[in-house]
Amino acid sequence: LAVTRDGRTIVSSVDVDGDLAFVDPIRETVDAVLAFGEDAVFGGVAIHPHGQVAYVARTHADGAGTVEVVDLRSRTVVDTIFVGREPRSLAIKDDG
């Protein structure tokens with residue numbers, strides 16, 4: 001679970017479905033869902049300080065780990081970073 005600095009978007013993993021939900025906390029609605037599929041388990045979500053992308057750690061069935069870079073405007077994966085085995089969490093410094 002991660003929240004943009006302006007508080008307008010919550011990004012949350014939905015492990016049961018393998019989805020990533022984009023929630024509007026003001027309207028209390030799910031604005032969009034990005035389906036990743038059930039082949040991986042989420043390890044954490046972090047939002048870059050500039051608020052344009054989220055990073056999503058995932059462990060795949062074979063143990064391989066990736067961090068998906070998700071554009072918060074388009075709600076699409078724009079890059080995949082291979083990080084080794086079983087990433088558990090993410091942290092980003094304030095200066096990015």
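All of the points below concern the structure found in this document.

Rules of the game
Residues numbered from 1 in each chain as written. Predicted model: local features only at pLDDT ≥ 70, side-chain atom pairs only at ≥ 80, totals over all residues. Heavy atoms only, no water. Helix = DSSP H or I, 4+ residues; strand = E, 2+ residues; numbered from the N terminus. Rg over C-alpha atoms; globule rule 2.2 N^0.38 Å. Buried < 20%, exposed > 50% of the residue type's maximum accessible area, 1.4 Å probe, protein only. Contact = heavy atoms within 4.5 Å. Areas by Shrake-Rupley, 256 points an atom, 1.4 Å probe, with all protein chains shown as cover. Pairing = 2+ DSSP bridges. Axes fitted to C-alpha atoms, helices over the stretch in contact; angles between N-to-C directions. Phe/Tyr/Trp six-rings, centres within 6.5 Å; stacked < 30°, edge-to-face > 60°. Lys NZ or Arg CZ within 6 Å of the ring centre and 35° of its normal.

1. Quick word on the overall build of the chain
Moving on, step 1. Along the backbone of the chain there are zero helices and eight strands.
Moving on, step 2. Beginning at the N terminus, the succession of helices and strands in the chain can be written as β-β-β-β-β-β-β-β.
Moving on, step 3. Here the C-alpha radius of gyration of the chain, 13 Å, is about what a compact globule of 96 residues would show, namely 12 Å.
Moving on, step 4. Summarising its shape, the C-alpha atoms of the chain cover approximately 40 × 30 × 20 Å along the three principal directions.
Moving on, step 5. Out of the 96 residues belonging to the chain, those deemed buried represent 38%.
Moving on, step 6. Taking the contacts inside the chain whose residues are at least 6 apart along the sequence as the reference set, 28% of them involve residues at least 24 apart.
Moving on, step 7. Summed over its atoms, the accessible surface of the chain is roughly 5700 Å², and 50% of this surface lies on carbon and sulfur atoms.

2. With respect to the sheet that holds strand β5 (residues 40–47)
Moving on, step 1. Strand order in the open sheet formed by four strands is β5-β6-β7-β8, and the pairing between neighbours is antiparallel. Pairing within the sheet leaves two strands with one partner each, and these edge strands are β5 and β8 (76–85). Between one strand axis and the next, the sheet turns through 20° on average, direction left out of account.
Moving on, step 2. Judged from the seven bridges that link them, strand β6 (residues 53–60) and strand β7 (residues 64–71) form a sheet pairing that is antiparallel.

3. Some words on the side chain of Thr 59
Moving on, step 1. With respect to the helices and strands, the residue Thr 59 is situated in strand β6.
Moving on, step 2. In contact with Thr 59, other than residues within four places in its own chain, are Asp 39, Ala 40, Val 41, Ala 64, Glu 86 and Pro 87.

4. Some thoughts on the sheet that holds strand β1 (residues 2–3)
Moving on, step 1. Spatial strand order, β1-β2-β3-β4: four strands in an open sheet with antiparallel pairing. Looking along the sheet, the strands with just one partner apiece sit at the ends: β1 and β4 (29–35).

5. A short note on the pairing of β8
On any regular strand, side chains alternate: one points to one face of the sheet, the next to the other face.
Moving on, step 1. Pairing between β7 and β8: eight bridges, direction antiparallel. Counterpart to Gly 65 in the pairing with β8 is Gly 84.
Moving on, step 2. Hairpin remark: β7 followed by β8, antiparallel, with four residues in the connecting loop; positive phi at Arg 75, about 60°.

6. Details of the packing of aromatic side chains
Moving on, step 1. Within the structure shown, the criterion is met by one aromatic pair.
Moving on, step 2. Sitting over the face of the ring of Phe 42, Arg 58 holds its NZ or CZ atom 5.9 Å from the ring centroid.

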